[in-house]
Amino acid sequence: MTEVAFHVNVADVPAYTCRLLRKAHAKGVRVHVTGLPAQVDAVDRGLWLMSQSEFIPHAGVQAPERVRRRSGIVLGGEWFDGAQVLVNLSTDMPPEHGRYARVIEIVGTTEAERSQARQRWKTYRSEGIEPEMVDQAGSKG
């Protein structure tokens with residue numbers, strides 16, 4: 001069954017997501033990041049702005065299959081075949097979330113984001129999944 005974690009009260013969603021992706025890359029975990037185009041673009045920019053010694057190979061969903069497979073991190077789209085983890089930046093329930101071993105929901109600090117996250121939490125629970133909460137209040141991320 002899919003494991004779900006909500007990382008809540010994230011002050012800087014793109015920067016936090018980039019740090020998560022850096023950790024995943026270091027562990028060899030294949031990740032798909034989904035969200036609105038502006039959210040995904042902000043993560044893409046953040047990954048490119050990391051220092052050269054911290055470059056995280058990644059590709060957009062529109063990249064050729066061979067590029068996506070080699071990068072291990074795919075930004076955008078609805079499904080990345082072979083990804084173990086889905087990082088959801090969207091306020092919507094991620095499609096096909098059950099195809100991933102783990103889903104990480106990144107939730108910002110606004111009441112609207114928290115309210116929409118509560119709805120997704122309830123949906124996961126109705127599917128028999130007990131989400132975990134990781135509260136980032138007070139952290140820099």
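Quantities reported herein were computed from a predicted structural model and do not represent experimental measurements.

K.L.:
In this structure, what is going on with the pattern of salt bridges? I would like to understand it.
P.N.:
Two side chains that carry opposite charge are able to pair once their charged atoms sit near each other. Using the criterion set out here, one finds seven salt bridges in the structure. When the shortest N-O distance is used, the salt bridge between Glu3 and Arg102 registers 3.1 Å. Of the two residues, Glu3 is situated in strand S1 (residues 3-8) and Arg102 in strand S6 (residues 102-106); the sequence distance between them amounts to 99 residues. Judged by relative accessible area, which is 48%, Glu3 ranks as partly exposed. Judged by relative accessible area, which is 22%, Arg102 ranks as partly exposed.

K.L.:
What is the right way to read the pairing of S1 from this model?
P.N.:
A regular strand places its side chains on the two faces of the sheet in alternate fashion. Among the six residues that make up S1, five are buried, leaving the element largely enclosed by the rest of the structure. Pairing analysis gives five bridges linking S1 to S6, with the strands arranged parallel. Of the residues in S6, the one forming a bridge with His7 is Ile106.

K.L.:
Even after reading the chapter, I still don't get the layout of surface pockets, so can you show me in this structure?
P.N.:
One way to see where empty space is left: roll a probe the size of a water molecule over the atoms. Reported here for the largest pocket is a volume of approximately 210 Å³. If you go around the largest pocket, the residues you meet are Leu20, Leu21, Lys23, Ala24, Lys27, Val29, Val31, Val85, Val87, Arg102 and Ile104. Taken together, the elements giving at least two residues each to the lining of the largest pocket come down to helix H1 (13-27), strand S5 (85-88) and S6. If one sorts the elements of the lining of the largest pocket by residue count, H1 sits on top with five residues. Here the lining of the largest pocket is composed, by residue class, of eight nonpolar, no polar and three charged.

K.L.:
Just to check I follow, could you spell out the pairing of S5 for this structure?
P.N.:
Side-chain alternation along S5 places Val85 and Val87 on one buried face and Leu86 and Asn88 on a second face that is also buried. Judged from the four bridges that link them, strand S2 (residues 31-34) and S5 form a sheet pairing that is parallel. Residue pairing in the sheet places Val33 in a bridge with Val87 of S5. As paired elements, S5 and S6 share four bridges and run parallel to each other. Paired with Asn88 across the two strands is Glu105, which belongs to S6.

K.L.:
Would you mind going over unusual backbone geometry with me for this structure?
P.N.:
Phi is mostly negative for residues that are not glycine, and the peptide bonds are mostly trans. Positive phi is not limited to glycine here, since Asn9 has a value of about 60°. By the element assignment, Asn9 lies in the loop between S1 and H1. Even without a glycine there, the phi angle at Glu96 is positive, about 60°.

K.L.:
Help me understand the packing of aromatic side chains, please; the structure alone is not making it clear to me.
P.N.:
Describing an aromatic ring pair means giving the distance of the ring centres and the angle of the ring planes. On inspection of all chains with the given rule, the structure shows three aromatic pairs. Ring centres 5.1 Å apart and planes at 50° place the aromatic pair Phe6 and Trp121 in the tilted group. With Phe6 in strand S1 and Trp121 in helix H4 (residues 111-126), this residue pair connects regions lying 115 residues apart in the sequence. Between Trp48 and Phe55, the ring centres sit 5.3 Å apart and the planes meet at 45°, which makes this aromatic pair tilted. A relative accessible area of 54% means that Trp48 is categorised as exposed. Members of the aromatic cluster, joined through ring pairs, are Phe6, Trp121 and Tyr124.

Scoring rules and cut-offs
Residues numbered from 1 in each chain as written. Predicted model: local features only at pLDDT ≥ 70, side-chain atom pairs only at ≥ 80, totals over all residues. Heavy atoms only, no water. Salt bridge = Lys/Arg side-chain N within 4 Å of Asp/Glu carboxyl O. Helix = DSSP H or I, 4+ residues; strand = E, 2+ residues; numbered from the N terminus. Buried < 20%, exposed > 50% of the residue type's maximum accessible area, 1.4 Å probe, protein only. Pairing = 2+ DSSP bridges. 1 Å grid on protein atoms, 1.4 Å probe; cavity = no way out; pocket = protein on both sides within 12 Å on 5 of 7 lines; lining within 4 Å. Points joined across faces, edges and corners; volume = space filled by probe spheres on them. Nonpolar A, V, L, I, M, F, W, Y, C, P; charged D, E, K, R; others polar. Phe/Tyr/Trp six-rings, centres within 6.5 Å; stacked < 30°, edge-to-face > 60°.

Just geometry here; none of it tells us what the structure is for.
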